[in-house]
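# Per-entry structural report
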Amino acid sequence: MATLLALDTTAEFGSLALMRNGELIEEVPLHSPDGFGHVIFGAIEALLARHGLMTADVDCFAGATGPGSFTGVRVGMTVVKGLGDAAGRPVVGVSNLQAMAACGSAALRAVVLDARRGEVYGAVYDSRLQCVQTEMVLRFADWLAGLPEGDVEIIALDFTPFADLLRGRPMVQASRVLAGAIGRIAWAEFAGGRGVDPAVLDANYVRRSDAEILWKEM
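Note that the structure is predicted; figures quoted are calculated from it, not measured. (Residues numbered from 1 in each chain as written. Predicted model: local features only at pLDDT ≥ 70, side-chain atom pairs only at ≥ 80, totals over all residues. Heavy atoms only, no water.)

Strands in a sheet are paired, the pairing made by backbone hydrogen bonds, and the direction either parallel or antiparallel. With respect to topology, five strands assemble into an open sheet ordered 3-2-1-4-5, the strand pairing being mixed. With partners counted over all chains shown, the strands left at the sheet margins are strand 3 (23-31) and strand 5 (91-94), one partner each. Across the sheet, the mean angle from the axis of one strand to that of its neighbour is 15°, orientation sign disregarded. Relative to strand 3, strand 2 (residues 13-20) runs antiparallel, the two sharing eight bridges. Paired with Leu-18 across the two strands is Glu-26, which belongs to strand 3. Packing of helix 1 (residues 40-50) onto the sheet brings it into contact with strand 1 (3-8), strand 2 and strand 3, and relative to strand 2 it is tilted by some 30°. (Pairing = 2+ DSSP bridges. Helix = DSSP H or I, 4+ residues; strand = E, 2+ residues; numbered from the N terminus. Axes fitted to C-alpha atoms, helices over the stretch in contact; angles between N-to-C directions. Contact = heavy atoms within 4.5 Å.)

Encoded structure:
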């Protein structure tokens, strides 16, 4: 009986999920406006304890790789890599945009996330959550204009910034609690033997951090 622990710390609203043999056992919403570094291990310990488990009993660790808050992504990746390394277990990274696509129901699902500075992170997935149009960061109007033709479902956490440009298009509100979706996607990878060594897991920032951009421009 295999167990997988999934987590998302990439935004103010995060979550944990425990999977057993491909089934979601429990999903825990988390909210920490000042980051998850000081609360995530306690939340993980409490979740596992409720099911009589310790980290050594987990067969695979999975985490949201981004895009999102650079600090949040780094915290999540550090936790997943650290737990995987300590337990000698494989890990799986899952894009937040792919996890958001699981909230949809159409054949083509265009996922959009506010990237700030007037830009968005965007990608298109099919009903199997396979990437149809690669993840990118650009202005929303430009991303919208480049979407595939036909019926494309738009998925976002908040449509307020885009409402005027989306009239008449099918829209789906994504859940802020993504660990369950991350867990299901990661389980398929783990069960297929595609879990990786913690040392090779990397973040999916899509865009460089502000600090890196400013350093490059100096």
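Turning next to the sheet that holds strand 8 (residues 131-138). The strand order across the open sheet formed by five strands is 8-7-6-9-10, and the pairing between neighbours is mixed. Of all the strands in the sheet, the pair left with one neighbour each is strand 8 and strand 10 (171-173). Here the average twist between neighbouring strands, direction ignored, is 20°. Where strand 7 (residues 119-126) lies against strand 8, five bridges are found, and the strand directions are antiparallel. Bridging from a neighbouring strand, Val-120 pairs with Leu-138 of strand 8.

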